[in-house]
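If you want the building blocks of each chain, they are given just below.
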Amino acid sequence: MRPLWICKRCAHPWPCAEARLALVAEYAGDRIGLSVYLCRQLYDAALELHRLNPDEAPGPQALFARFVGWAHVRSPPHV
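Residues numbered from 1 in each chain as written. Predicted model: local features only at pLDDT ≥ 70, side-chain atom pairs only at ≥ 80, totals over all residues. Heavy atoms only, no water.

J.: Can you help me understand the pattern of salt bridges in this one?
T.: Pairs can form between side chains of opposite charge once their charged atoms are near each other. With the rule as written, the count across this model stands at four salt bridges. We note a salt bridge from E48 to R2, for which the minimum N-O separation is 2.8 Å. With E48 in helix α2 (residues 31–52) and R2 in the segment before α1 (17–26), the pair connects residues that are 46 residues apart, well separated along the chain. Residue R2 is classed as partly exposed on the basis of its relative accessible area of 48%. Across the salt bridge formed by E18 and R9, the nearest N and O atoms sit 2.5 Å from each other. Because the salt bridges share partners, they merge into one network encompassing R2, R40, D44 and E48. (Salt bridge = Lys/Arg side-chain N within 4 Å of Asp/Glu carboxyl O. Helix = DSSP H or I, 4+ residues; strand = E, 2+ residues; numbered from the N terminus. Buried < 20%, exposed > 50% of the residue type's maximum accessible area, 1.4 Å probe, protein only.)

Below, the structure written as structure tokens:
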């Protein structure tokens, strides 16, 4: 639910565990696309959460970890 950025189903901060699983399934085979999507959500969330409460808004590191950091693209191991 925007602009609070909480899950409609469980009321945890979005993307919650269920949302992460759904996103990984939706973007299967397109981890770059997933990262681009999450970066856009990060940008929107940073603006909206700051507007709601500038003194209590999460910092950049916390927002990155929440929105993008969990889905970082890993290179396959070199053989």
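J.: Honestly, the packing of aromatic side chains in this entry has me stumped. Any pointers?
T.: Aromatic rings considered in pairs are described by the distance between their centres and by the relative angle of their planes. Applying the stated rule across the entire model yields four aromatic pairs. Here the aromatic rings of W5 and W14 are separated by 5.9 Å at their centres, their planes lie at 55 degrees, and the arrangement is tilted. The buried category is assigned to W5, whose relative accessible area is 3%. Relative to F67, the ring of W14 has its centre 6.0 Å away and its plane inclined at 50 degrees; by these criteria the two rings are tilted. You can see W14 sitting in the segment before α1 and its partner F67 sitting in helix α3 (residues 60–67), a full 53 residues away along the chain. Each member of the pair W14 and F67 is classed as buried. (Phe/Tyr/Trp six-rings, centres within 6.5 Å; stacked < 30°, edge-to-face > 60°.)

J.: What's the story with the packing of α2 against α3 in this structure? I'm lost.
T.: A pair of packed helices is characterised by two quantities: the angle between their axes and the separation of those axes. Following both chains from N to C, one finds α2 and α3 inclined at 140 degrees, their axes separated by 10 Å at the closest point. One finds that α2 runs oblique with respect to α3. For the pair α2 and α3, the sense of crossing is right-handed. Within the contact between the two elements, α2 uses L38, Q41, L42, A45, A46 and L49 and α3 uses L63, F64, R66 and F67. Grouping the constituent residues of the contact of α2 with α3 by class yields eight nonpolar, one polar and one charged. (Axes fitted to C-alpha atoms, helices over the stretch in contact; angles between N-to-C directions. Parallel < 35°, antiparallel > 145°, perpendicular 65-115°, else oblique. Left-handed = near helix turned anticlockwise from the far one by under 90°. Contact = heavy atoms within 4.5 Å. Nonpolar A, V, L, I, M, F, W, Y, C, P; charged D, E, K, R; others polar.)

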